[in-house]
Amino acid sequence: ALTVTDVDDDGAVHWAVTAIPPTAVGAPRGSAPDDAIVHTNADGDPAYLPVCPPEGEAHTYELSLYALTEPLALDNTATGDDVVAALGARSAAGTASRTLLVGTYER
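On a predicted model such as this, the values are computed, not experimentally measured, just so you know.

K.L.:
Just checking my understanding: could you explain helix 1 (residues 80–93) for this structure?
P.N.:
Note: α-helices contain 3.6 residues per turn, so residues at a spacing of three or four share the same orientation. Over its 14 residues, helix 1 extends 20 Å from the first C-alpha to the last, a length consistent with the 20 Å expected when each residue adds 1.5 Å. Downstream of helix 1 by a residue or two, Gly 94 has a phi angle that is positive, lying close to 80°.

K.L.:
Before we go on, may I ask you to explain the environment of Thr 95 in this structure?
P.N.:
Considering the arrangement of structural elements, one finds Thr 95 in the loop between helix 1 and strand 5 (96–106). Here Thr 95 falls in the partly exposed class, since its relative accessible area comes to 26%. C-alpha of Thr 95 to C-alpha of Glu 70: the two residues are 25 residues apart in sequence and 8.0 Å apart in space. When sequence neighbours within four positions are dropped, the list of residues in contact with Thr 95 reads Ala 67, Leu 68, Thr 69 and Arg 90.

K.L.:
Any chance you could explain the side chain of His 59 here in plain terms?
P.N.:
With respect to the element layout, His 59 can be found in strand 4 (residues 58–68). For His 59, a relative accessible area of 6% puts it in the buried group. Polar side-chain contacts of His 59 include one of 3.1 Å to the side chain of Glu 57. What His 59 contacts, discounting residues up to four positions off in sequence, is Asp 6, Asp 8, Asp 9, Pro 53, Pro 54, Gly 103, Thr 104 and Tyr 105.

K.L.:
Could you clarify how one ought to interpret the sheet that holds strand 3 (residues 37–38) in this entry?
P.N.:
Sheet strands pair by backbone hydrogen bonding; their relative direction is either parallel or antiparallel. Read from one edge of the open sheet, five strands run 3-2-1-4-5, paired in antiparallel fashion. Every interior strand has two partners, whereas the edge strands, strand 3 and strand 5, have only one. Sheet contacts for helix 1: strand 1 (2–6), strand 2 (12–18), strand 4 and strand 5; angle to strand 2, the most-contacted strand, approximately 70°.

Rules behind the numbers
- Residues numbered from 1 in each chain as written.
- Predicted model: local features only at pLDDT ≥ 70, side-chain atom pairs only at ≥ 80, totals over all residues.
- Heavy atoms only, no water.
- Helix = DSSP H or I, 4+ residues; strand = E, 2+ residues; numbered from the N terminus.
- Expected span 1.5 Å × (residues − 1).
- Buried < 20%, exposed > 50% of the residue type's maximum accessible area, 1.4 Å probe, protein only.
- Contact = heavy atoms within 4.5 Å.
- Polar contact = N/O pair within 3.5 Å; in protein donor to acceptor, adjacent residues only side chain to side chain.
- Pairing = 2+ DSSP bridges.
- Axes fitted to C-alpha atoms, helices over the stretch in contact; angles between N-to-C directions.

As C-alpha cells, then:
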C-alpha cells in the first residue's frame, strides 16, 4: 500500500493506493501500477492529488510505503482516510512495516 499525506493540512490524503501487486516495479508518473486500487483523495477523486500548498506556505508531505502480511480488506469504495486508518491499525498490531519519505514543498 502507498499513501501520500499533507501533515500540515490535518493529514489530508493526496494519494492512497492498495492491492499493489508484489511484482510491480513502477508506473507512469501520477498513476498506480496495473491491478492496484486507487482510493479517493482529499478532493473526493480516485486519483493522485498533486501537492500544492497555499502560496507562501511550506507544507510537509509524508509518502509512506507499506509491506503487509496480508491484503487489506478494503475495496475501491474505501476512501483515502479509510486506508490511512486501516494501515495505522495494522502498523500498531505489527502486521505492517512502513517505509517513510518526508518532504517539504513551498510555492
